[in-house]
Amino acid sequence: SANRDLVAVGAPSDSNNAAVKTGSVSLLSRTNNGPESWTSITRVLGTDSAAGDQFGYAVGLNGDTLVVGAPAASVRNKSSGVAYVFTGVYGVPTQVAKLVPSDGANGDQFGQAVAIFGDTIVVGAYMSSGTGAAYIYRRDQSGAWALLKKLTPADGANADYFGMSVAISVGTMVIGSEANSPFNNKNRAGSVYVYDRNNGGTDNWGLTKKI
């Protein structure tokens, strides 16, 4: 994920202190030596990451805030997943939140995909609720992150993998459903769901279109 002259690169199989596949994220800054010259400035780790968590499987960067998915972390249940939030990425990154879904179940893979824009974070959990799900978090004026909404597709079927990929910009959010069958058959060609922030009310994130 990139933001101006800063790039975040996840390494989910990185091993820290002999803990296999704990994972890490490297922040690289563009130098003055040309547009393609980048220098690693710091390495980011989860404060309580454990072996096998795959911290860095997904990364999102916006402004001075970084969100990192660790989909194999077993906090609520085995591989239910978590996401970490850091601020101050242009200086010393500081972990300010650990997002853990209260309904996280075995193998949900929360953190498989993450994205951030401004004060909104979306986290994909492609194995949640059968169809897959996307969780939306909002940052309040105190800087705390709280769950705003959990999205699941009304027309979704089991193992659609909704939330396999996510993206957000301004008032638009898109959620990939990799194995959805949009033509009422079993071809599992995949679909993309588009949501608008104020469709149905302020910060409602209502479905606008299915592509």
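Below you will find a few notes about this structure. (Residues numbered from 1 in each chain as written. Predicted model: local features only at pLDDT ≥ 70, side-chain atom pairs only at ≥ 80, totals over all residues. Heavy atoms only, no water.)

**Points about the pairing of strand β9 (residues 110-117)**
Sheet faces and side chains relate simply in a regular strand, where the side chains alternate between the two faces.
Here comes step 1: Extensive coverage of β9 is indicated by the burial of seven of its eight residues.
Here comes step 2: Where β9 meets strand β10 (residues 120-125), six bridges bridge the pair, whose relative direction is antiparallel. Paired with Ala115 across the two strands is Val122, which belongs to β10.
Here comes step 3: Taken together, β9 and the strand that follows it, β10, pair antiparallel across an intervening segment of two residues, in which Gly118 is found at a positive phi of about 60°. (Buried < 20%, exposed > 50% of the residue type's maximum accessible area, 1.4 Å probe, protein only. Helix = DSSP H or I, 4+ residues; strand = E, 2+ residues; numbered from the N terminus. Pairing = 2+ DSSP bridges.)

**Quick notes on the pattern of salt bridges**
Here comes step 1: Using the criterion set out here, one finds eight salt bridges in the structure.
Here comes step 2: Asp48 is paired through a salt bridge with Lys98; the nearest N and O atoms lie 2.5 Å apart. Here the residue Asp48 occupies a position in the loop between β4 (38-44) and β5 (58-62), and Lys98 occupies one in strand β8 (residues 94-99), the gap between them amounting to 50 residues.
Here comes step 3: On the accessibility criterion, Asp48 (39% relative accessible area) is partly exposed.
Here comes step 4: Linking Asp203 and Arg197 is a salt bridge whose minimum nitrogen-to-oxygen distance equals 2.9 Å. The pair Asp203 / Arg197 is uniform in exposure class, with both members buried.
Here comes step 5: Each of Arg138, Arg197 and Asp203 takes part in a single network of salt bridges with overlapping partners. (Salt bridge = Lys/Arg side-chain N within 4 Å of Asp/Glu carboxyl O.)

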